[in-house]
Amino acid sequence: MPTVFEEKKKGKILRDPSVFERTIMTPLTSFALSPEGVRFETQEDEEEVVLFLRQHLVVLLGPLLLVVFLALAPVSFFPLLSRFLVLPITIPVNYIIVGTAFWYIVTFGFALMSFLRWFFNIYVVTNRRIVDIDFVHLLYKEFSEARLDKIQDITYKSSGIFSVFFDFGDAYVQTAGGNIPNIEFLTVPHPAKVVKAISELLEKQKSSL
Amino acid sequence: MSPDVTNIALIVFKFFVLFGFGLYIVFAAVIFRQEQLMANVLEESFEPVLRFAAGLHFIAAISVFLLALLIL
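Residues numbered from 1 in each chain as written. Chains lettered and ligands numbered in written order. Predicted model: local features only at pLDDT ≥ 70, side-chain atom pairs only at ≥ 80, totals over all residues.

**A word on helix H5 (residues 191-208) of chain A**
All names here are of chain A.
- Taking 1.5 Å as the rise per residue, H5 with 18 residues should run 26 Å; its terminal C-alpha atoms sit 26 Å apart, in good agreement.
- Restricting attention to buried positions, one finds in H5 the residues Pro191, Val194, Ala197 and Ile198. Looking down the long axis of H5, one finds its buried residues gathered within 125° of arc, a one-sided arrangement. Exposed and oriented more than 90 degrees from the buried face of H5 are Ala192, Ser199, Glu200, Glu203, Lys204, Lys206 and Ser207.
- Here the buried face of H5 lies against strand S1 (31-33), strand S3 (49-53), strand S4 (122-126), strand S7 (151-157), strand S8 (168-175) and strand S9 (183-189). (Helix = DSSP H or I, 4+ residues; strand = E, 2+ residues; numbered from the N terminus. Expected span 1.5 Å × (residues − 1). Buried ≥ 20, exposed ≤ 12 C-beta atoms within 10 Å, placed from the backbone. Arc of directions from axis to C-beta. Contact = placed C-beta atoms within 7 Å.)

**Some details on the packing of helix H3 (residues 93-120) of chain A against helix H2 (residues 47-71) of chain B**
- Where H3(A) meets H2(B), the closest approach of the two axes is 10 Å, and the angle between their N-to-C directions is 160°. When the interaxial angle is binned, H3(A) and H2(B) end up roughly antiparallel. For the pair H3(A) and H2(B), the sense of crossing is left-handed. Across the interface between the two elements, Asn94(A), Val98(A), Ala101(A), Phe102(A), Ile105(A), Phe108(A), Gly109(A), Leu112(A) and Leu116(A) of H3(A) pack against Leu50(B), Ala53(B), Ala54(B), His57(B), Ala60(B), Ala61(B), Val64(B), Leu67(B), Ala68(B) and Ile71(B) of H2(B). (Axes fitted to C-alpha atoms, helices over the stretch in contact; angles between N-to-C directions. Parallel < 35°, antiparallel > 145°, perpendicular 65-115°, else oblique. Left-handed = near helix turned anticlockwise from the far one by under 90°.)

**Considerations on the sheet that holds S1(A)**
Residues and elements named next belong to chain A.
- Taken together, five strands build an open sheet; the order of strands is S1-S3-S4-S5-S6 and the sheet is antiparallel. The two strands at the open ends of the sheet, each matched to only one other strand, are S1 and strand S6 (140-147). Strand-to-strand twist across the sheet, computed as the mean angle between neighbouring axes with direction ignored, equals 10°.
- By the bridge criterion, three bridges tie S1 to S3 in an arrangement that is antiparallel. (Pairing = 2+ DSSP bridges.)

**Here's the deal with H3(A)**
- Taking 1.5 Å as the rise per residue, H3(A) with 28 residues should run 40 Å; its terminal C-alpha atoms sit 41 Å apart, in good agreement.
- Inspection of H3(A) places Val98(A), Phe102(A), Ala111(A), Leu112(A), Leu116(A), Phe119(A) and Phe120(A) among the buried residues, and these make up the whole buried set.
- Next to the buried residues of H3(A) lie helix H2 (61-84), S4 and strand S5 (129-137) of chain A together with helix H1 (3-41), strand S1 (42-43) and H2 of chain B.

**Section: the interface of chain B and chain A**
- Facing the 25 residues of chain B at the interface are 24 residues of chain A.
- Only H1, S1 and H2 of chain B provide two or more residues apiece to the side of chain B that touches chain A.
- Among the elements that take part in the side of chain B that touches chain A, H2(B) stands out by supplying ten residues, more than any other.
- Bridge count between strand S2 (residues 39-40) of chain A and S1(B): two bridges; the pairing is antiparallel. Among the inter-strand pairings, Arg39(A) is bridged to a residue of S1(B), identified as Glu43(B).

**What to know about the packing of H2(A) against H3(A)**
Residue and element names in this part refer to chain A.
- Closest axis-to-axis distance for the H2/H3 pair is 10 Å, and the angle between their directions is 170°. When the axis of H2 is compared with that of H3, the two are roughly antiparallel. Two secondary-structure elements touch here, H2 through Pro63, Val67, Leu70, Ala71 and Pro74 and H3 through Thr100, Trp103, Thr107, Phe110, Ala111 and Ser114.
- Taken together, the residues that form the contact of H2 with H3 break down as eight nonpolar, three polar and no charged. (Nonpolar A, V, L, I, M, F, W, Y, C, P; charged D, E, K, R; others polar.)

**Some points on the pairing of S8(A)**
Residues and elements named next belong to chain A.
- Pairing between S7 and S8: six bridges, direction antiparallel. Counted as the bridge partner of Tyr156 is Ala171 from S8.
- In this sheet, S9 lies alongside S8 in antiparallel orientation, the contact comprising five bridges. Residue pairing for S9: Tyr172 is matched across the bridge by Glu184.

**Focus: the sheet that holds S9(A)**
Residue and element names in this part refer to chain A.
- In space, the three strands of this open sheet follow the order S7-S8-S9, with antiparallel pairing throughout. What marks the edges here is a single partner per strand, and that holds for S7 and S9. Across the sheet, the mean angle separating the axes of adjacent strands is 15° when strand polarity is ignored.
- The strands touched by H5 within the sheet are S7, S8 and S9, with S7 carrying the most contacts at an inclination of about 165°.

**Examining the nonpolar core**
Residues and elements named next belong to chain A.
- Among the nonpolar cores identified, the biggest contains 41 residues, and Leu53, Ile122 and Val194 are the most heavily contacted of them.
- By residue number, the principal contributor to this core is H3, which donates seven residues.
- Excluding residues that lie within four positions of it along the chain, Leu53 makes contacts with Ser30, Phe31, Ile122, Tyr123, Phe185, Val188 and Val194. (Core = buried A, V, L, I, M, F, W, Y, C linked by C-beta atoms within 7 Å.)

**Details of the environment of Gly55(B)**
- Inspection of the secondary structure assignment puts Gly55(B) in helix H2.
- Separated by 23 residues in the primary sequence, Gly55(B) and Phe32(B) have C-alpha atoms spaced 6.1 Å apart.

Encoded structure:
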């Protein structure tokens, strides 16, 4: 006899946890578990990004304040300064126009450079290795990686009132072998979660062997 | 100061200003090129915005140079 009606079974709908936990990336993302739409240089075909990190947004605070000051200086600080300074010559208007335009372009350039350095300095943990890509300055790139089976020790450090308040710190990954560099995740958000994520990955790898 | 000395001083000053702006154009070009190389390191959806910003910065640097050439 064909089934006419079948009562739906009540219960939890099981989802693939890896899909459920995927993080959607934004331009200001500094901590992402299983991020969507991210690929990095030298990433292999079967390699998946488990954790994506940048430095905490707090490192952009200094440059941001400086940019705000530089942007407001021509309209507030310089007129104030010109009242108190007695100059022997009068600056022609065309020099003021060109100088102001150049000032704002340099301010924009500084802001862009600061953001680019923060944006492209990344730390990536995949199911195979840990990668650290540093742009020390614009023309100097440092690429370090360590395979998961070479990791010996993971620690983190978080000190000071700002790091406690904003939850950021440094995570250190010690590797075996003299040729493989130790990886340092400096000023990253949620360092305890970073260490936990890497530890879980290592345990998963050991149990699959 | 006689007018001739003032004119010569202004011309020399203009030369140094334009030289400085020219150096900045080179710096802006380096930023633009470096952004392209950085984008090869990390593929992300926000990259076109950064490329536009770097390109805009480069064009603005050239524009200020031309402005200085014309009005100084």
